[in-house]
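Fold and contact review
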Amino acid sequence: MGKWLRRHGFTPQRPDRRSSRQKDDEVGRWLQQEYPAIRARASEERAELVWADQRGLRSDTAPPGRSWAPAGQTPLVRVNGRRFRVNVMSAVASRGALWFTVFPGKFTSQVFCAFLDRLARHAGRKVHVIADRHPVHRSRAVRAWLAENAERVELHLMPGCSPELNPGELLNADLKHHVHAARATSADDLAHETRRFLRRRQKQPHIICGNFAARHVRYTIQ
């Protein structure tokens, strides 16, 4: 069977994961109609187009990573057994820009609105923000704030259950790969390491730009 499959152009591959709740018609409409219209408007208004994402780092769920050791001798990493976490809200642009905030509490509408306000001030022009359908993003408080700041910020929600369409998710994977929450000794330590990593990425715009060239998000720059 393997020979027959290879003869007809098949190769063994690790499949991509997709949510069973994802709706193909919504994704198709986003790719063919909604996103091109948002991008055209942002270009016409000379506004900043950014992709926002929120994530959490928890000390009790993060793996300790890998290390070198002689063959047959498993390396030992001592970790803090306490449970703590920090949250991160970030936004990236295809030109390589990165904005972020790190906070210990819950992700609320107040936190999101404060981030949007700071994002608009730092960008120095109107910002079109693309984000997922997190309940906070659709809350009444956020809608009211957006109505009051329509000239500064406009929020666009992506299709549900489609994280692979958001370039911000690649920064999420990058963060979790390089910041090992299981090794942090406290929430302050974890927040410090997270900020240090994201500040380093701010000085490496070529890496942020490279994320937009990934296969699933290449549509954002084509």
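Counting restarts for each chain: residues are numbered from 1 in the order of the written sequence. Restriction of local features to residues with pLDDT of at least 70 applies here, the model being predicted, together with a cutoff of 80 or more for giving and counting side-chain atom pairs; totals for whole chains, interfaces and linings are based on all residues. Each side-chain value is derived from all of the structure's non-hydrogen atoms; neither hydrogens nor water enter the calculation.

**A few points about the sheet that holds strand β4 (residues 127-131)**
Between any two strands, pairing holds if DSSP finds at least two bridges. Every helix listed is a DSSP run of H or I at least four residues long, and every strand listed is a run of E at least two residues long, numbered separately from the N terminus. Sheet architecture is open: five strands sit in the order β3-β2-β1-β4-β5, paired in mixed fashion. Whereas interior strands pair on both sides, the edge strands pair on one side only; in this sheet they are β3 (98-103) and β5 (153-157). When strand polarity is set aside, the average angle formed by the axes of neighbouring strands in this sheet is 25°. Where strand β2 (residues 85-92) and β3 come together, six bridges link them in antiparallel fashion. Bridge pairing in β3 places Ser90 opposite Phe100. As a rule, the C-alpha atoms of each element are fitted with a line to give its axis, helices using only the stretch in contact, and angles between N-to-C directions run from 0 to 180 degrees.

**Description of the packing of helix α5 (residues 168-178) against helix α6 (residues 187-202)**
In contact at an axis separation of 10 Å, α5 and α6 are set at 130° when each is read in the N-to-C sense. It follows that α5 is oblique to α6 by the angle criterion. The element α5 and its partner α6 pack so that their crossing is right-handed. Between α5 and α6, the contacting residues are Leu171, Asp174, Leu175 and His178 on the first element and Thr194, Phe197, Leu198 and Arg201 on the second. The classification used treats Ala, Val, Leu, Ile, Met, Phe, Trp, Tyr, Cys and Pro as nonpolar, Asp, Glu, Lys and Arg as charged, and all other residues, Gly among them, as polar. For the contact of α5 with α6, the residue count by class is four nonpolar, two polar and two charged. These descriptions rest on fixed angle ranges, namely under 35 degrees for roughly parallel, over 145 for roughly antiparallel, 65 to 115 for roughly perpendicular, and the rest for oblique. Whether a crossing is left-handed or right-handed is set by the direction in which the near helix is turned from the far one by less than a right angle, anticlockwise for left-handed and clockwise for right-handed. Working rule for contacts: check all heavy atoms of both residues, and any pair within 4.5 Å makes them a contact.

**A closer look at unusual backbone geometry**
Within the chain, Arg46 stands out as a residue other than glycine whose phi angle is a positive 55°. Within the secondary structure, Arg46 sits in the loop between α2 (24-45) and β1 (48-58). Exposure remark for Arg46: the relative accessible area of 69% places this residue in the exposed category. In this model, Cys161 sits at a positive phi of 55°, which is unusual for a non-glycine residue. Within the fold, Cys161 resides in the loop between β5 and α5. For the exposure calls, accessible area comes from a 1.4 Å probe over protein chains only, and a residue counts as buried if that area is under 20% of its type's maximum, exposed if over 50%, partly exposed in between.

**Considering α6**
Here α6 spans 22 Å end to end across 16 residues, near enough to the 22 Å set by a 1.5 Å rise per residue. Turning to α6, its buried residues number three or more, namely Leu190, Ala191, Thr194, Phe197, Leu198 and Arg201. Projected down its long axis, α6 shows its buried positions confined to an angular sector of 130°, all on one face. Tucked inside the fold, the buried residues of α6 contact β1, β2, β3, α5 and α7 (205-211). Multiplying 1.5 Å by the helix residue count minus one yields the expected span of that helix. Working note: the arc is built from the helix axis to C-beta atom directions.

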